[in-house]
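Letter by letter, the chains look like this.
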Amino acid sequence: MAVVNRIAEYGADMTAWRQALHRAPELGFECHKTARYLIARLRAFGVDEVHDRIATSGVVALIRGGGPGPVIGLRADMDALPIVEETGVAYASETEGVMHACGHDGHMVMLLGAARYLAETRNFAGTVAIIFQPAEEHGGGAQVMCDEGLMERFGIEHVYALHNAPGIAEGHFLTTRGPIMAAVDTFHIHIKGRGGHAAMPHETADPIMAAVGIAQALQTIVSRNHIATDELVLSVTQIHTGTADNVVPDTAYICGTVRSFDPAVQAMVMRRMEQIVAGQAASFDVMAELDYEKGYPPTVNTADEVALAARAASDVVGDRAVDTASGRQMGAEDFAYMLQARPGAYLFLGQGEGAGLHHPAYDFNDRIAPIGASFFARLVEQAQPL
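Residues numbered from 1 in each chain as written. Predicted model: local features only at pLDDT ≥ 70, side-chain atom pairs only at ≥ 80, totals over all residues. Heavy atoms only, no water.

Novice: Whenever I open this one, the sheet that holds strand 8 (residues 183–192) confuses me. Can you help?
Specialist: For sheets, the rule is that strands pair by backbone hydrogen bonds, running either parallel or antiparallel. Here 4 strands make up an open sheet; going across it, the order is 10-12-8-13 and the pairing antiparallel. Edge strands, defined here as strands with exactly one partner in the open sheet, are strand 10 (232–241) and strand 13 (287–294). Strand-to-strand twist of the sheet, defined as the mean angle between neighbouring strand axes without regard to direction, takes the value 15 degrees. Each of strand 8, strand 10, strand 12 (251–260) and strand 13 touches helix 7 (residues 207–224); the most contacted strand, strand 10, lies at about 175 degrees to it. (Pairing = 2+ DSSP bridges. Helix = DSSP H or I, 4+ residues; strand = E, 2+ residues; numbered from the N terminus. Axes fitted to C-alpha atoms, helices over the stretch in contact; angles between N-to-C directions. Contact = heavy atoms within 4.5 Å.)

In structure tokens:
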């Protein structure tokens, strides 16, 4: 493994930064304390410019290289999750009900490590835009940053991001050309029936039976309306109704998620859901309304940028630890908006065994921070050589 020697030298500093960020997690767009911490480190490193309050609390730092050239963007997400931490570590979250359960603390530190090295060495052409983005988990901070002119304001021509991956061998990189993560949509179905005594169901219009019928019928979209070789997930994740054993309620509520890659598939799902909800409601003599919310689009890597990223990763961990045909995942990522705006690549970095993402016992593996920072550094030097 060829971790950059200079980055390895301040590995202990990176661990300290990560643990400090882990203690003080913030949600959504309101990552102000996090931004102040990052800005203090960046200014201490001697970056050329720091711009803040982008998408409320986002930060962009510019580092100019040793000669003229393009601008490359490197992005890390900042926000945490509304989860009660169960790690038991000494540096556990000090914010009740909030924790870095997805490793964004580690992502920020990998980018800080790369920024420190690049600001010291300047062994590249052009400029690096170090992007710290809020509201990845909820809110689409990447879209907001792009809507506020991120790419145009800083002249970014290509952009890259990295995410840790529990359960993947420590130090192994995974990526793929084309779509790597799915679009994510959310649906809400509100059912209005006519409640009454459970001993006299003939006098009611039972929303529970309608909810069960709708939930079951929705599963036929994947099994009967969609080509089995294409990726599609439709999951009902919530059904809420009723308050007592002897009462048929007036209402029921269904919620769930849809994951897809093809806009035509997404449109088919929306059309069939409308038909199923309306048809099932009529058959049970209730009223039902579908509220379908389109979320993050698919995350789509561009081939040339995947090749560049793979070469940089191989330089750090070796060819055998880099998989450029890892396949698609059904999770979603708002870095998709940045990849819609500019060519780029999204990669996963294995962090070994341990609790999975979004689990209360999850903790970022500090051993992979120098690997990720070295990847970003080598990527810049190889993509924009002097």
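Novice: Would you mind showing me how to read the environment of Gly295 here?
Specialist: Secondary-structure assignment places Gly295 in the loop between strand 13 and strand 14 (299–301). As a C-alpha pair, Gly295 and Ala332 span 37 residues in sequence and 9.1 Å in three-dimensional space. With near-sequence residues (within four places) excluded, Gly295 lies in contact with Val184, Asp185 and Tyr337.

Novice: Just checking my understanding: could you explain helix 11 (residues 369–383) for this structure?
Specialist: Between the first and last C-alpha of helix 11 there are 21 Å, a value that for 15 residues agrees with the 21 Å anticipated at 1.5 Å per step. With 13 of 15 residues buried, helix 11 is to be regarded as a mostly interior element. (Expected span 1.5 Å × (residues − 1). Buried < 20%, exposed > 50% of the residue type's maximum accessible area, 1.4 Å probe, protein only.)

Novice: Explain the layout of surface pockets here, please?
Specialist: With a probe scaled to a water molecule rolled over the atoms, the places where space remains empty come into view. Approximately 860 Å³ is the volume found for the largest pocket. Only strand 5 (156–166), strand 8, strand 13 and strand 16 (344–352) provide two or more residues apiece to the lining of the largest pocket. Of the residues assigned to the lining of the largest pocket, the class counts are 15 nonpolar, 11 polar and 7 charged. (1 Å grid on protein atoms, 1.4 Å probe; cavity = no way out; pocket = protein on both sides within 12 Å on 5 of 7 lines; lining within 4 Å. Points joined across faces, edges and corners; volume = space filled by probe spheres on them. Nonpolar A, V, L, I, M, F, W, Y, C, P; charged D, E, K, R; others polar.)

Novice: I tried to follow the sheet that holds strand 2 (residues 58–64) on my own but got confused; where do I start?
Specialist: Spatially, 1-2-4-3-5-16-6-15 is the arrangement adopted by the 8 strands of the open sheet, whose pairing is mixed. For this open sheet the edge positions go to strand 1 (49–54) and strand 15 (322–323), each flanked by a neighbour on one side alone. Looking at chain direction, strand 6 (residues 173–174) and strand 15 are connected through 2 bridges and run parallel. What sits directly across from Phe173, in strand 15, is Val322. Helix 4 (residues 104–121) rests against strand 2, strand 3 (67–77), strand 4 (125–133), strand 5 and strand 16 of the sheet, and its axis sits at about 160 degrees to strand 3.

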